[in-house]
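Results of the structural survey
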Amino acid sequence: MSWGLRLCALLCALCLGTMARAESELSRTWDAAWVFAPSAGTAGYRRLSVADLPAALTDRAPRALVVYAHGCDGLSEISAATGRFLAQAGILMVAPDSFARTDKPQSCDPTIPRGGLHRAVLGWRQEEMRLAADHLRALAPDLPLILMGQSEGGTTVATIADIGADARVIEGWTCHAGWPEYRGLNAPEGQPVLSLVGEDDPWFRLSVLQGDCGAFMAGPAQRSIVYRRPAVLARKHWLSSDTAVQAEITDFILSTTKRQ
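Residues numbered from 1 in each chain as written. Predicted model: local features only at pLDDT ≥ 70, side-chain atom pairs only at ≥ 80, totals over all residues. Heavy atoms only, no water.

**As for the overall build of the protein**
- Assigned secondary structure in the protein consists of six helices and eight strands.
- In the protein, the succession of helices and strands from N to C terminus is α-β-β-α-β-α-β-α-β-α-β-β-β-α.
- Compactness check: the protein gives a C-alpha radius of gyration of 19 Å against a globular reference of 18 Å for 260 residues, within 12% of the reference.
- Here the C-alpha coordinates of the protein stretch approximately 70 × 50 × 35 Å along the principal axes.
- Classification of the 260 residues of the protein by burial places 50% in the buried group.
- Of the contacts made within the protein by residues no fewer than 6 positions apart, 69% connect residues no fewer than 24 positions apart. (Helix = DSSP H or I, 4+ residues; strand = E, 2+ residues; numbered from the N terminus. Rg over C-alpha atoms; globule rule 2.2 N^0.38 Å. Buried < 20%, exposed > 50% of the residue type's maximum accessible area, 1.4 Å probe, protein only. Contact = heavy atoms within 4.5 Å.)

Written as structure tokens, this is what we have:
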């Protein structure tokens, strides 16, 4: 074999190895996902793993499915609280774990707060959401599938394109950014969208980040809620800690089931 052919074979092997590692890293985010399912018990929810999904979908069929994208600091009490109130409303939530990757660069510093430390993370988060949506569609093709995310997860929900979802919920994101791939709303025309943001959210002090997703919406199915001064929520980033916001979200999601 000539040196040219040997070099070509080596490059192909390296490329295949890189692709296999990337697929393995992505699969880890699904395997480690948090699952919250409706339950007839007093709590109204069950905490499960993705391995439990087939049985959960059979035992107590949910009214809708949610793929949830967590914020830049990973799965947290925000994710768990969201899973609980969704499950208590009859909605099953699956939240992929981006930090299950073995090589996960830091994309924000919540103590400042400051984002934008890893620009490529948006593509990673979109891949995670797409994989989870594909799995759920295969398991329950007849149930409404909603994309929901908070903070960096909200950016993911706003920007992901060409994904078979019935609606989107964007919490704690403005749809405004300096980087073009972070800016705007990639929902198809007529797809229901609910966005929620505080007017004085401390994450969006920079002028380039200010505004709301309503600037990119069209039609009655897409709605932007901005919590303004003097409301306490105007300064909040985690909006769905408020029970009234939870009701806005669940009412919106369940309204999509009536359109099916």
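The discussion continues.
**Some details on the packing of aromatic side chains**
- Within this structure, the stated rule accounts for three aromatic pairs.
- Judged by centre distance (6.0 Å) and plane angle (45°), the rings of phenylalanine 36 and tyrosine 45 are tilted.
- Taken together, a centroid distance of 5.7 Å and an interplanar angle of 70° make the contact between tryptophan 173 and phenylalanine 204 edge-to-face. Taken together, the positions of tryptophan 173 in the loop between strand 6 (167-171) and strand 7 (193-198) and phenylalanine 204 in the loop between strand 7 and strand 8 (222-227) put the pair 31 residues apart, joining distant regions of the chain. For the residue pair tryptophan 173 and phenylalanine 204, the accessibility class agrees, reading buried in each case.
- Looking at arginine 47, its charged tip hangs above the ring of tryptophan 34, at a distance of 4.2 Å from the centre.
- Over the ring of phenylalanine 99 we find lysine 104, and its NZ or CZ is 4.6 Å from the ring centre. (Phe/Tyr/Trp six-rings, centres within 6.5 Å; stacked < 30°, edge-to-face > 60°. Lys NZ or Arg CZ within 6 Å of the ring centre and 35° of its normal.)

**A few points about the state of the cysteines**
- On inspection of all chains with the given rule, the structure shows two disulfides.
- In this model cysteine 72 forms its disulfide with cysteine 108; the gap between the sulfur atoms is 2.1 Å. Taking the sign of the torsion about the S-S bond as the criterion, the disulfide between cysteine 72 and cysteine 108, at about 85°, is right-handed. With cysteine 72 in the loop between strand 3 (64-69) and helix 3 (77-88) and cysteine 108 in the loop between strand 4 (91-95) and helix 4 (121-139), this pair connects stretches of sequence that are 36 residues apart.
- Cysteine 72 sits in the buried class, given a relative accessible area of 7%.
- Residue pairing for cysteine 175: its cysteine sulfur links by disulfide to cysteine 213, the two sulfurs lying 2.0 Å apart. Between cysteine 175 and cysteine 213, the disulfide has an S-S torsion of 85° and is therefore right-handed. (Disulfide = S-S within 2.5 Å.)

**Notes on unusual backbone geometry**
- Isoleucine 112 connects to proline 113 through a cis peptide bond whose omega is -10°.
- With respect to the element layout, proline 113 can be found in the loop between strand 4 and helix 4.
- The omega torsion across arginine 229 and proline 230 is 5°, close enough to zero to call that bond cis.
- Phi angles above zero are rare outside glycine, and serine 151 is one such case at about 60°.
- Mapping serine 151 onto the fold places it in the loop between strand 5 (145-150) and helix 5 (152-159).
- A residue is classified by how much of its surface remains accessible, and serine 151, at 10% relative accessible area, is buried.
- Of note in this structure, aspartate 162 is not a glycine but carries a positive phi near 55°.
- Here aspartate 162 shows up in the loop between helix 5 and strand 6.

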